[in-house]
Amino acid sequence: MSEAPKPVLIGEKPDVCELDRARLALMNPQIIEQKREERTFEETAKPFIELTMREGIETVWDRFEMQQPPCKFCAQGLSCARCAMGPCKIIPPNRIRGVCGADGDLIVARNLLDMIATGAAAHSDHGREIALTLYGLGMGTVSDYVISDPGKLRRLAAEYGIDTGKKDEKEVAAELGRSMLEEFGTLTDSLRLAGRAPAATREVWKNLGIAPRGIDREVVEAMHRVQMGVAADPTNTLVHGLRTSLSDGWGGSMIATEISDVLFGTPKPNESLVNVGVIKPAMVNIALHGHNPLLSEMIVRAAADPAMRALAEKHGATGINLVGLCCTGNELLMRKGIPNAGNHFNQELVITTGALEAMVVDYQCIFPSLPRTASCYHTHVISTSPKSKIPGSTYFAFEPETAYATAKAIVRMAVENFPNRKKDRVFVPVEPVKVMTGFSVEAIQGALGGTWKPLIDLIAAGTIRGAVGIVGCNNPKVKHDFGHVTLSKELIKRDILCVETGCAAIASGKAGLLQPSAASLAGPGLSGVCRSLGIPPVLHMGSCVDNARILHLAAELGNALNVGIHRLPLAGAAPEWYSQKAVSIGAYFVASGVYTVLGVMPKITGSPAVVSLLTEGLKGAVHASFAVEPDPLKAADLIAAHIERKRTELGI
Ligand code: XCC
Ligand code: SF4
């Protein structure tokens with residue numbers, strides 16, 4: 001047995017001193033009450049937000065206030081700091097070009113392409129790590145993971161044209177892993193899973209020249225184009241943005257989703273609990289935050305080890321309680337029914353329970369200031385990705401080859417932290433909410449009896465008017481969860497089925513919309529369908545890479561009807577998006593033919609030309625466009641009107 005993996009402290013442990021906190025603490029109960037109501041729509045988050053204000057524990061909302069007012073040129077996308085001749089800002093009437101000669105339209109377009117490429121890279125690099133693990137498993141260099149869904153492994157291999165006939169599981173895993181990894185830099189100029197899209201949708205891509213040619217290639221080309229002296233035309237620049245996003249949605253993200261199912265199981269409907277109330281004061285609590293299930297699934301296994309349970313008991317705890325956050329939390333919730341402590345803006349609040357022994361993170365959406373927050377308590381922030389070594393955290397290098405040993409060392413560190421808890425600061429005054437999740441494409445089809453016909457019939461009959469993918473984050477520009485919950489409620493009321501992922505899905509969970517009983521909030525058609533199938537009117541389809549499941553579902557419906565995705569009564573929405581990843585998601589929805597409504601204005605208003613391209617011009621190219629509508633009720637109107645238009649065009 002080799003030695004247990006040793007952690008290192010990254011930089012220094014921060015120590016947020018009493019003085020810092022006293023400076024931030026609010027005294028006036030009226031102001032506290034007012035801010036508490038302004039900051040969140042989630043009732044169960046309010047006591048924690050109130051505590052942070054009383055105790056001067058800095059949160060995302062405080063930092064947002066500190067940043068006000070923002071630079072208005074940057075807010076419009078009119079600033080550029082790409083090269084050393086700048087930084088430049090477009091301030092008419094005199095400063096109308098950057099030093100290089102780029103005008104406002106180009107600067108806005110380049111900035112947007114940069115955002116798409118960043119988001120696509122994040123999703124796809126995550127997908128690469130999953131594919132590498134599958135490959136390693138097949139080749140025998142990785143032994144801590146198993147094939148949990150061998151049927152799906154073989155189905156995917158067949159999709160990749162691999163002859164699986166006499167091959168054993170490992171050989172198939174190696175071949176499929178290699179085929180997928182090759183798609184990151186393929187010479188074939190095509191991606192296999194993009195072949196799932198209906199022929200008419202692929203035809204649109206071909207005609208516009210945006211069929212993705214390789215996963216890394218489109219991102220690299222995007223980076224090339226934003227180098228000074230390459231991109232010069234805003235339209236040409238943004239058309240490549242669409243191509244880049246397609247390489248994420250139908251490439252990197254789809255690989256991440258499909259192979260995570262192969263390794264950890266394809267989700268099936270299951271029940272669990274959400275919100276910060278999932279923290280159990282008598283137990284060792286470990287929060288798993290970030291995105292890649294390679295880490296979180298292994299922690300689940302390590303925490304189930306009887307030796308770890310015994311150690312927890314030795315330290316006076318009744319056991320080990322794992323809870324998820326954000327998207328890795330969604331992965332665990334979907335596949336294992338592991339409770340979820342909340343979405344993006346719950347990440348700091350869960351620390352203020354005073355009962356969190358460790359926050360284990362990999363990457364994406366993790367506030368770099370979490371170690372500061374944790375330093376107000378006994379909580380360890382444990383980072384694990386060489387791509388995201390967070391100053392003030394304890395770092396374990398997590399690799400698939402040594403995954404289990406590392407996961408055990410992490411769990412041990414959390415358990416040994418239990419005695420350091422200050423009992424008088426434990427604060428969990430809320431009860432968790434029940435949720436039903438696990439709606440993979442396979443699970444939805446299964447619930448319908450194995451074919452899409454019942455769903456298509458329901459849509460054709462108008463019992464269900466259409467479906468909307470509600471996705472994305474939290475953003476302090478929107479009251480936490482207000483956009484997600486209000487929009488979801490309004491759409492189900494109009495008999496529009498909601499399929500959700502990411503932080504949007506968790507928001508709906510906290511608001512009780514992921515329970516079969518929420519059918520009572522739906523219109524007469526949708527509620528009847530939900531009651532007969534025993535499902536909620538809002539279906540949780542997973543993490544943000546699992547938006548690939550929404551694409552897959554749309555493709556299945558399009559293929560069943562032999563029409564392009566753009567002809568279906570579907571829409572997308574990202575009411576509280578913040579992340580570059582969300583921009584990539586929005587772009588691949590639109591590029592795939594799905595009208596998408598954003599609740600937060602992207603930084604594009606400095607260019608009327610870019611605004612008009614995205615909201616109008618794209619219709620002529622991909623038969624879909626973006627809209628921006630901060631009011632979720634008005635967004636529901638836009639979406640409902642779009643769905644009705646699509647229905648009329650289809651003659652239903
Ligand atoms: Fe991040 Fe994925 Fe956004 Fe949530 S929804 S804030 S990207 S965790 Ni993905
Ligand atoms: Fe300025 Fe052009 Fe350099 Fe941007 S690329 S910083 S606009 S000179």
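Heads up: these notes are all about the structure in this document. Just so you know, these numbers come straight off a predicted model, no measurement behind them.

## Describing the coordination of the nickel atom of ligand 1
Within the protein, a single donor atom binds the nickel atom of ligand 1, namely Cys544 (SG) at 1.8 Å. Residue placement: Cys544 occurs in the loop between strand E14 (538–542) and helix H22 (547–561).

## Side note on helix H14 (residues 326–336)
Along H14, 10 of the 11 residues are buried, which leaves the element largely enclosed by surrounding structure. Within the span of H14, buried status applies to Cys326, Cys327, Thr328, Gly329, Asn330, Glu331, Leu332, Leu333, Met334 and Arg335. After H14 finishes, the residue Gly337 shows a positive phi value of roughly 65°.

## A short note on the packing of aromatic side chains
Taken as a whole and assessed by the stated rule, the structure comprises seven aromatic pairs. Where Trp61 meets Phe345, the ring centres are 5.3 Å apart and the plane angle is 75°; that geometry is what we call edge-to-face. Here the residue Trp61 occupies a position in helix H4 (residues 60–66), and Phe345 occupies one in the loop between strand E7 (340–342) and strand E8 (358–361), the gap between them amounting to 284 residues. Classification of Phe345 by relative accessible area gives buried; the value is 2%. Ring centres of Tyr588 and Phe589 lie 5.7 Å apart, and the angle between their planes is 70°; on these two criteria the pair is classed as edge-to-face. Put simply, the rings of Trp61, Phe345 and Phe367 touch in pairs and so form one group of aromatic residues. A cation over a ring is seen here: Arg63 above Phe367, with NZ or CZ 5.2 Å from the ring centre. One residue, Arg301, lies across the ring of Tyr404, its end atom 4.4 Å from the ring centre.

## Quick word on the site of ligand 1
Every residue near ligand 1 is listed here: His291, Cys326, Cys327, His344, Cys365, Gly472, Cys473, Cys503, Cys544, Tyr578, Ser579 and Lys581. For the shell around ligand 1, the residue count by class is seven nonpolar, four polar and one charged.

## Remarks on the sheet that holds strand E17 (residues 626–628)
Across a sheet, paired strands are connected by hydrogen bonds in the backbone, their directions being either parallel or antiparallel. Taken together, six strands build an open sheet; the order of strands is E14-E13-E12-E15-E16-E17 and the sheet is parallel. Looking along the sheet, the strands with just one partner apiece sit at the ends: E14 and E17. Direction aside, neighbouring strands of the sheet carry axes that sit 25° apart on average. Of the strand pairs in this sheet, strand E15 (residues 570–574) and strand E16 (residues 596–598) are connected by three bridges, and their pairing is parallel. What sits directly across from Gly572, in E16, is Thr596. Contacts from helix H20 (residues 502–510) reach strand E12 (466–470), strand E13 (496–501) and E14, with the element oriented near 115° to E13. Packed onto the sheet, helix H26 (residues 632–650) meets E12, E13, E15, E16 and E17 and runs at close to 160° relative to E15.

## Section: the site of ligand 2
Every residue lining ligand 2 is accounted for by Cys80, Arg82, Cys83, Met85, Gly86, Cys88, Gly98, Val99, Cys100, Ile107, Arg110 and Met228. Partitioned by chemical class, the residues of the shell around ligand 2 number eight nonpolar, two polar and two charged.

## Concerning the layout of surface pockets
Counted as a void, the largest pocket has a volume near 880 Å³. The wall of the largest pocket is formed by 28 residues, among which Phe64, Asn475, Lys477, Tyr578 and Lys603 lie closest to the centre. Broken down by element, the lining of the largest pocket gets its largest block of residues, three residues, from H4. Here the lining of the largest pocket is composed, by residue class, of 18 nonpolar, seven polar and three charged. The volume enclosed by the second largest pocket comes to roughly 320 Å³. Along the walls of the second largest pocket sit 20 residues, with Glu129, Leu294, Phe398, Glu399 and Pro400 positioned nearest its centre. Element by element, the count of residues in the lining of the second largest pocket is highest for helix H6 (residues 104–139), at five residues.

## A word on the pattern of salt bridges
This structure, assessed with the given rule, holds 46 salt bridges. Asp125 is the partner of Lys387 in a salt bridge, and the nearest nitrogen-oxygen pair spans 2.8 Å. Of the two residues, Lys387 sits in the loop between strand E9 (380–383) and strand E10 (394–395) while Asp125 sits in helix H6, which places them 262 residues apart along the sequence. Since its relative accessible area comes to 49%, Lys387 is described here as partly exposed. Among the residues examined, Asp125 registers a relative accessible area of 23% and is labelled partly exposed. Via salt bridges that share partners, Lys152, Arg155, Glu159, Arg196, Glu258, Asp261, Glu331, Arg335, Glu442, Asp546 and Arg549 belong to a single interconnected network.

## Let's talk about the nonpolar core
The biggest cluster of nonpolar side chains holds 167 residues, and the ones touching the most others in it are Trp250, Ile259, Ile286 and Ile320. No other element matches H6, which puts 11 residues into this core. If we ignore the near neighbours within four places in the chain, the residues touching Ile320 are Met283, Val284, Ile286, Ala303, Met308, Arg309, Ala312, Val411 and Val415. Counting 34 residues, the second-largest nonpolar core is a separate cluster that includes Phe48, Met53, Val60 and Tyr377.

## Notes on the pairing of E15
Among the five residues that make up E15, five are buried, leaving the element largely enclosed by the rest of the structure. Side-chain alternation along E15 places Leu570, Gly572 and Ala574 on one buried face and Ala571 and Ala573 on a second face that is also buried. Alignment of E12 against E15, held across four bridges, turns out to be parallel. Residue Gly469 lies in a different strand from E15, and its bridge partner there is Gly572.

About the criteria used
Residues numbered from 1 in each chain as written. Chains lettered and ligands numbered in written order. Predicted model: local features only at pLDDT ≥ 70, side-chain atom pairs only at ≥ 80, totals over all residues. Heavy atoms only, no water. Donors = N, O, S within 2.8 Å, 3.2 Å for Na, K, Ca; no water. Helix = DSSP H or I, 4+ residues; strand = E, 2+ residues; numbered from the N terminus. Buried < 20%, exposed > 50% of the residue type's maximum accessible area, 1.4 Å probe, protein only. Phe/Tyr/Trp six-rings, centres within 6.5 Å; stacked < 30°, edge-to-face > 60°. Lys NZ or Arg CZ within 6 Å of the ring centre and 35° of its normal. Near = heavy atom within 4 Å. Nonpolar A, V, L, I, M, F, W, Y, C, P; charged D, E, K, R; others polar. Pairing = 2+ DSSP bridges. Axes fitted to C-alpha atoms, helices over the stretch in contact; angles between N-to-C directions. Contact = heavy atoms within 4.5 Å. 1 Å grid on protein atoms, 1.4 Å probe; cavity = no way out; pocket = protein on both sides within 12 Å on 5 of 7 lines; lining within 4 Å. Points joined across faces, edges and corners; volume = space filled by probe spheres on them. Salt bridge = Lys/Arg side-chain N within 4 Å of Asp/Glu carboxyl O. Core = buried A, V, L, I, M, F, W, Y, C linked by side-chain atoms within 4.5 Å.

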